[in-house]
Amino acid sequence: MNKHSKWGSFIMIISSVIFTLTALITVMITISSWKTHRETARPYLTLKDSPLIRLQEDINFEFNFVNVGVHPAFNMSSKTIVFNENLKIKPVHIDEYAIANDIPNNTSTSLLINMKPEEFSPDNPTVKPYYIVIALHYTDPVINKNYDQTIYLKWSGISAGATGSIFHVKVNEKNNILNYLNDQNIKLKIAV
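This one's a predicted model, so the numbers in the text were calculated from it and none came from an experiment. Numbering of residues begins from 1 in every chain and follows the order in which that chain's sequence is written. It should be noted that, the model being predicted, local features are given only for residues of pLDDT at least 70 and side-chain atom pairs only at 80 or more, the latter also being counted only at that level, while totals for whole chains, interfaces and linings use all residues. Note that water and hydrogens are dropped before the side-chain values are worked out from all heavy atoms of the structure.

**Student:** What's the story with the overall build of the protein chain in this structure? I'm lost.
**Tutor:** Check the secondary structure of the protein chain and you find two helices and 11 strands. A run of H or I in DSSP counts as a helix once it spans at least four residues, and a run of E counts as a strand once it spans at least two, with each numbered from the N terminus. Along the protein chain, from the amino end to the carboxyl end, the secondary structure elements read α-β-β-β-β-β-β-β-β-β-β-β-α. Within the protein chain, buried positions represent 37% of all 192 residues. Contacts: residue pairs with any heavy atoms within 4.5 Å of one another. Put simply, of all contacts in the protein chain between residues at least 6 apart along the chain, 65% involve residues at least 24 apart. Only protein chains enter the accessibility calculation, which uses a 1.4 Å probe. A residue is then buried if its area is under 20% of the maximum for its type, exposed if over 50%, and partly exposed in between.

**Student:** Honestly, the sheet that holds strand β4 (residues 74-84) in this entry has me stumped. Any pointers?
**Tutor:** Within a sheet, each strand pairs with its neighbour through backbone hydrogen bonds, oriented either parallel or antiparallel. When DSSP finds two or more bridges between two strands, those strands count as paired. Read across the open sheet, the five strands follow the order β5-β4-β7-β8-β11; overall the sheet is antiparallel. Among the strands making up the open sheet, the edge pair consists of β5 (93-98) and β11 (166-168). The sheet shows a mean angle of 25 degrees between the axes of neighbouring strands, taken without regard to direction. Of the pairings in the sheet, the one linking strand β8 (residues 145-155) to β11 comprises three bridges and is antiparallel in character. To obtain an axis, a line is fitted to C-alpha atoms, over the contacting stretch when the element is a helix, and the angle between two such axes runs from 0 to 180 degrees between their N-to-C directions.

**Student:** Would you explain helix α2 (residues 171-183) in this entry?
**Tutor:** Residues three or four positions apart in an α-helix share a direction because the helix packs 3.6 residues into each turn. Between its first and last C-alpha, α2 extends 19 Å over 13 residues, near the 18 Å set by a 1.5 Å rise per residue. Residues of α2 that are buried: Glu173, Ile177, Tyr180 and Leu181. End-on, the buried residues of α2 take up no more than an arc of 95 degrees, which puts them together on one face. In α2, the exposed positions angled more than 90 degrees off the buried face are occupied by Val171, Asn182 and Asp183. Contacts made by the buried residues of α2 are with β4, β7 (130-140) and β8. Following α2 by one or two positions, Asn185 has its phi on the positive side, about 60 degrees. Expected helix span is computed as 1.5 Å times (number of residues minus one). This arc is built from the directions going out from the helix axis to the C-beta atoms.

**Student:** Can you help me understand the pairing of strand β6 (residues 108-115) in this one?
**Tutor:** Working note: regular strand, side chains alternate between the two faces of the sheet. A one-sided burial pattern is seen for β6, the buried positions being Thr109, Leu111, Ile113 and Met115 and the unburied ones Ser108, Ser110, Leu112 and Asn114. In terms of strand pairing, strand β3 (residues 59-67) meets β6 through eight bridges, oriented antiparallel. Counted as the bridge partner of Ile59 is Met115 from β6.

**Student:** What's the story with unusual backbone geometry in this structure? I'm lost.
**Tutor:** Trans is the prevailing form of peptide bonds, just as negative phi is the prevailing case for residues other than glycine. The backbone phi angle of Asn75 is positive, close to 55 degrees, even though this residue is not glycine. The phi dihedral of Asn106 is positive, around 60 degrees, even though this residue is not glycine. Assessed through its relative accessible area of 59%, Asn106 is described here as exposed.

**Student:** Sorry, what's going on with the nonpolar core here?
**Tutor:** One broad rule of soluble globular proteins: the nonpolar side chains tend to lie buried together. Nonpolar cores are built from buried Ala, Val, Leu, Ile, Met, Phe, Trp, Tyr and Cys residues. Side-chain atoms within 4.5 Å join them into one set. Counting residues in hydrophobic clusters, the biggest one holds 27 residues, and the most contacted among them are Phe61, Phe63, Phe65, Ile132, Ile134 and Trp155. At five residues, β7 tops the list of elements feeding residues into this core. If sequence neighbours within four positions are ignored, Ile132 has contacts with Phe61, Phe63, Ile81, Val82, Ile113, Ile151, Tyr152, Leu153, Trp155 and Ile166. Counting residues in each nonpolar core, the second largest holds 13 residues, with Ala135, Tyr152, Ile177 and Tyr180 among its members.

**Student:** How should a nonpolar patch on the surface be read in this particular structure?
**Tutor:** A cluster of nonpolar side chains, namely Trp7, Phe10, Ile11, Ile14 and Ile18, defines an oily patch on the protein surface of about 530 Å² accessible area. In this fold, Ile11 is placed in helix α1 (residues 3-40). Only residues above 30% relative accessible area that lack a salt bridge enter a patch, with like-charged residues linked at up to 9 Å and the nonpolar side chains Val, Leu, Ile, Met, Phe, Trp and Tyr linked at up to 5 Å. Computed with the Shrake-Rupley method and a 1.4 Å probe, the accessible areas treat only the protein chains shown as cover for residues. Whenever Lys or Arg places a side-chain nitrogen within 4 Å of a carboxyl oxygen from Asp or Glu, that contact is recorded as a salt bridge.

Structure representation (structure tokens):
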């Protein structure tokens, strides 16, 4: 073989290696981009409006969730836990609920918590603040992946017959809530 053939072969091998590496990097970037896109299209439920509170013979909390993700939420189930802000007594309410229908993109669904006033404080017009924890579990049917989502809220209670509002908890309150749930042996995971 002559000197020019050796250099030609060497340059061809180097070119092939560079081309192969470039193709491999392109495939890796494409897969990474696809995974990122897939995750951004997942279903995601968020509160649509401020929760409604109705006082009649019962106390009703109504939460409207909307799916802001691209894919529908399928087999949605929820677990709600309501307990006093002092974090010392057992919860006054624990309930699980499952929705039969899919929740497509930009579609809302409601979650209703119905409680008896005596669960809080019988014959007392004042109800101290309570925490409300809502654990959601749903499936993305497009990619067959399960998602868990937990919302931590605080209801300011009832003072002199006036109903207080519901708002998101602070980070330090969330940590105290998680410790409380652990002490009470309450799992946020929903049995599906």
